[in-house]
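Chain and residue survey
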Amino acid sequence: MPFGFFLKEAIRGLSRNSAPALAALLTVMLTALVLGVFIPIVQATTGTANEVRDRVVVNVYVKDGSTEAERTELRTAIERTANVKSVEFISKDEGLATAREKNPAAFEEGAELLGENPLPDTFRVVPDDPGEVAGIIDRLAPKDADGVRVPSLAAIDEVRNKEEDTAKILSATSLVKILTAGLAALLIFASVALVANTTRLSIFARRREVEVMKLVGATNWFIRWPFVIEGVFVGFMGGVLAVLLLTIAKETFIDPLEDRFALLAAPETIDFGLLIGLLLLACIAVSSAGSALTLRRFLRV
Amino acid sequence: MPVVELREVSKIYDGGSVGLDRASTRIGRGEFVFLVGPTGCGKSTAIRLLTKELDPSAGDILIAGKKLGDVSPSKVPLLRRNIGTVFQDYKLLPNRTVYDNVAYSLQVIGEPRTDIRRKVPDILRLVGLSTKLHNFPDELSGGEQQRVSIARAFVNHPPLLLADEPTGNLDPETSIGIMQLIYRINRTGTTVVVATHDNEMVDKMRRRVIELREGRIVRDELSGLYRPDESTTEFAVRLRGELGVGPEGHPN
């Protein structure tokens, strides 16, 4: 049978059942709207959380008087350690300069008291996953039987991180990540269920018709195609409406504020074009699949 | 080869009630058969088994020599296209005009549009509805709706026509018109099975009668009556017995 026939049937179905079709369309639109607002928020939040987590580092202090060769050896050793993302060398002088910059007042008066620079040369080690910090420390300076850390190389004076900070950052950011991921999953589930349910209602109203069609010898797909086309249409229209509203909201409210709020300009936020594309696709897929699946029950005659 | 053959067919529903109980019969090409019996005797079950709307619990059903048990679900539509069905409640598509209702069963089999445009008005003229082509079912009387449903069932010229209480919702005069229509279809060579408890109709038409009681075939006679042949006296005796009245008109 030509596509034209199914299309005509779908249009007939929509115009004859405009109330449930409209309800389905509005449901699709609202859920897409909520998702469209929520997805960037989730992404900005996790992006910020990840940025904070990147601040977790391990400091490897180099023994005073170690030779250039020993340092090079140490650097390669650190780079070869598992879970290490990058290594940065900070010399005594650089360290002092940074400290002075951070707290100029303290250096104004007490600079002479220090005499010579007390800071050691340092390797700053960034882990590929902040959760692996403890593992890296263990590898560079394993504990001996008494629980005292023994550096694995002669050039290492001490290996440490800012323990309290690390623990806080890790627990807070992982909580944020879990919460937003949970919310996102719930929201997506609710959206699919809601759209599927509304489509169900609109088809349920026509189940007798489906029965009759089967009794006069229509094949399942002959009955199903018009319903799937209806689903595609409803999903598309609902999605387009949602995308329109999202665009308007973005242009009028979000864009003017972008430079003032870091969260809005978070680098990892999804591209707007990609977002609306995905939303439209999801609307169409859920709506048409919902139609086809709901029909299954009534097709078993 | 018989058009319809039942071999020891039983249908027991999930709840345990009996639809058919070891029913066997053969219906030949071009026959006109009444399926009679009280409500719940298995008439509708038999009709629904023939369209494979239900599957039998035991036994074989053959249509044109093919066992229905061997028909895969995907081939059921093909089976139904060769069987016209008429129901007590018409089962028309409410959102379609008379024309579209009849056209649907041709669209289903992929009939070219030009043929549909020719065949649908033809069959609607045959059933006497040529003036109501563009009315919707709820704008028609019961008799007219049943005519549409007969037109839909017969527009493909199927070799077998099943009717489940086709006059069940209609007044006697309208019923006669419907039966005449079904009879005319039978005269074109189509095998017709009509389930009914319309005794007047059965008695008038004098066709083959298969009587069911509690799922069993208890009678099968050519040119039979709704009730087994009995003289007026016998009938009077039975009536008295059923009413609990003695031969002299006094209560027992």
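The model shown is predicted, which means the values in this text are computed figures rather than measured ones.

**Details of the pattern of salt bridges**
All names here are of chain B. As enumerated under the stated definition, the model contains 27 salt bridges over all chains in all. Here Glu165 ties to Lys43 by a salt bridge, and the two come within 3.7 Å at their closest N and O atoms. Of the two residues, Glu165 sits in the loop between β7 (160-164) and α6 (172-187) while Lys43 sits in helix α1 (residues 43-50), which places them 122 residues apart along the sequence. The two residues Glu165 and Lys43 agree in class, both being buried.

**Digging into a nonpolar patch on the surface**
A contiguous nonpolar surface patch, about 300 Å² in accessible area, is contributed by A:Phe3, A:Leu7 and A:Ile11. According to the relative accessible area criterion, A:Leu7 is partly exposed, its value standing at 35%.

**A closer look at the environment of A:Val212**
On the secondary structure map, A:Val212 appears in helix α8 (residues 207-215). On the basis of relative accessible area, A:Val212 is assigned to the buried category, the value being 7%. Residues in contact with A:Val212, not counting those within four places in the same chain, are B:Lys91, B:Leu93 and B:Arg152.

**What about the sheet that holds β7(B)?**
Residues and elements named next belong to chain B. One open sheet holds the six strands; their spatial order is β6-β7-β8-β3-β9-β10, and the pairing between them is mixed. Strands with a single pairing partner mark the edges of an open sheet, and in this sheet they are β6 (83-87) and β10 (216-221). Within this sheet the neighbouring strands show an average axis-to-axis angle of 15°, counted without direction. Alignment of β7 against strand β8 (residues 191-195), held across five bridges, turns out to be parallel.

**What to know about the packing of helix α3 (residues 98-107) of chain B against helix α5 (residues 142-154) of chain B**
Residues and elements named next belong to chain B. Packing of α3 against α5 brings their axes to within 8 Å, and their N-to-C directions diverge by 25°. Classified by the angle their axes make, α3 and α5 are roughly parallel. The two elements α3 and α5 meet at a crossing, and its hand is right-handed. Every residue of α5 that contacts α3 at Val98, Asn101, Val102 and Ser105 is listed here: Val148, Ala151 and Arg152.

**A short note on the side chain of A:Thr180**
Here A:Thr180 shows up in helix α7 (residues 163-204). Excluding anything up to four places from it in sequence, A:Thr180 contacts A:Phe38, A:Val42, A:Thr45 and A:Thr46.

**So, the packing of aromatic side chains**
Residue and element names in this part refer to chain A. This model, assessed by the stated rule, comprises nine aromatic pairs over all chains. Each ring, one from Phe89 and one from Phe123, has its centre 5.1 Å from the other, and the planes form 55°; the classification is tilted. With Phe89 in strand β2 (residues 84-90) and Phe123 in strand β3 (residues 122-127), this residue pair connects regions lying 34 residues apart in the sequence. Owing to a relative accessible area of 2%, Phe123 belongs among the buried residues under this scheme.

**Considering the interface of chain B and chain A**
Each partner contributes residues to the interface: chain B has 20 residues there, and chain A has 18 residues. Summed over both sides, the interface of chain B with chain A buries roughly 2,000 Å², with 59% coming from carbon and sulfur. When the buried surface of chain B facing chain A is broken down by residue, B:Arg80, B:Asn95 and B:Tyr104 rank first, second and third, together holding 31% of it. Where chain B touches chain A, the interface holds two salt bridges. When the shortest N-O distance is used, the salt bridge between B:Asp100 and A:Arg12 registers 3.4 Å. The interface formed by chain B and chain A holds five residue pairs in polar contact (both at pLDDT 80 or more) in total. Of all the secondary structure elements, the ones that give two or more residues to the side of chain B that touches chain A are α2 (76-81), β6 and α3 of chain B. In terms of residue count, the dominant contributor to the side of chain B that touches chain A is α3(B) (four residues). Grouping the amino acids of the side of chain B that touches chain A by side-chain chemistry returns seven nonpolar, five polar and eight charged.

**Regarding the domain arrangement of chain A**
Domain annotation for chain A reports domain 1 (3-52 + 170-299) and domain 2 (57-160). Between the C-alpha centres of domain 1 of chain A and domain 2 of chain A there is a distance of 52 Å.

Rules and cut-offs
- Residues numbered from 1 in each chain as written.
- Chains lettered and ligands numbered in written order.
- Predicted model: local features only at pLDDT ≥ 70, side-chain atom pairs only at ≥ 80, totals over all residues.
- Heavy atoms only, no water.
- Salt bridge = Lys/Arg side-chain N within 4 Å of Asp/Glu carboxyl O.
- Helix = DSSP H or I, 4+ residues; strand = E, 2+ residues; numbered from the N terminus.
- Buried < 20%, exposed > 50% of the residue type's maximum accessible area, 1.4 Å probe, protein only.
- Patch = residues over 30% accessible without salt bridge, like charges linked within 9 Å, V, L, I, M, F, W, Y side chains within 5 Å.
- Areas by Shrake-Rupley, 256 points an atom, 1.4 Å probe, with all protein chains shown as cover.
- Contact = heavy atoms within 4.5 Å.
- Pairing = 2+ DSSP bridges.
- Axes fitted to C-alpha atoms, helices over the stretch in contact; angles between N-to-C directions.
- Parallel < 35°, antiparallel > 145°, perpendicular 65-115°, else oblique.
- Left-handed = near helix turned anticlockwise from the far one by under 90°.
- Phe/Tyr/Trp six-rings, centres within 6.5 Å; stacked < 30°, edge-to-face > 60°.
- Buried area = accessible area lost by both parts, 1.4 Å probe.
- Polar contact = N/O pair within 3.5 Å; in protein donor to acceptor, adjacent residues only side chain to side chain.
- Nonpolar A, V, L, I, M, F, W, Y, C, P; charged D, E, K, R; others polar.
- Domains from an automatic or database assignment.

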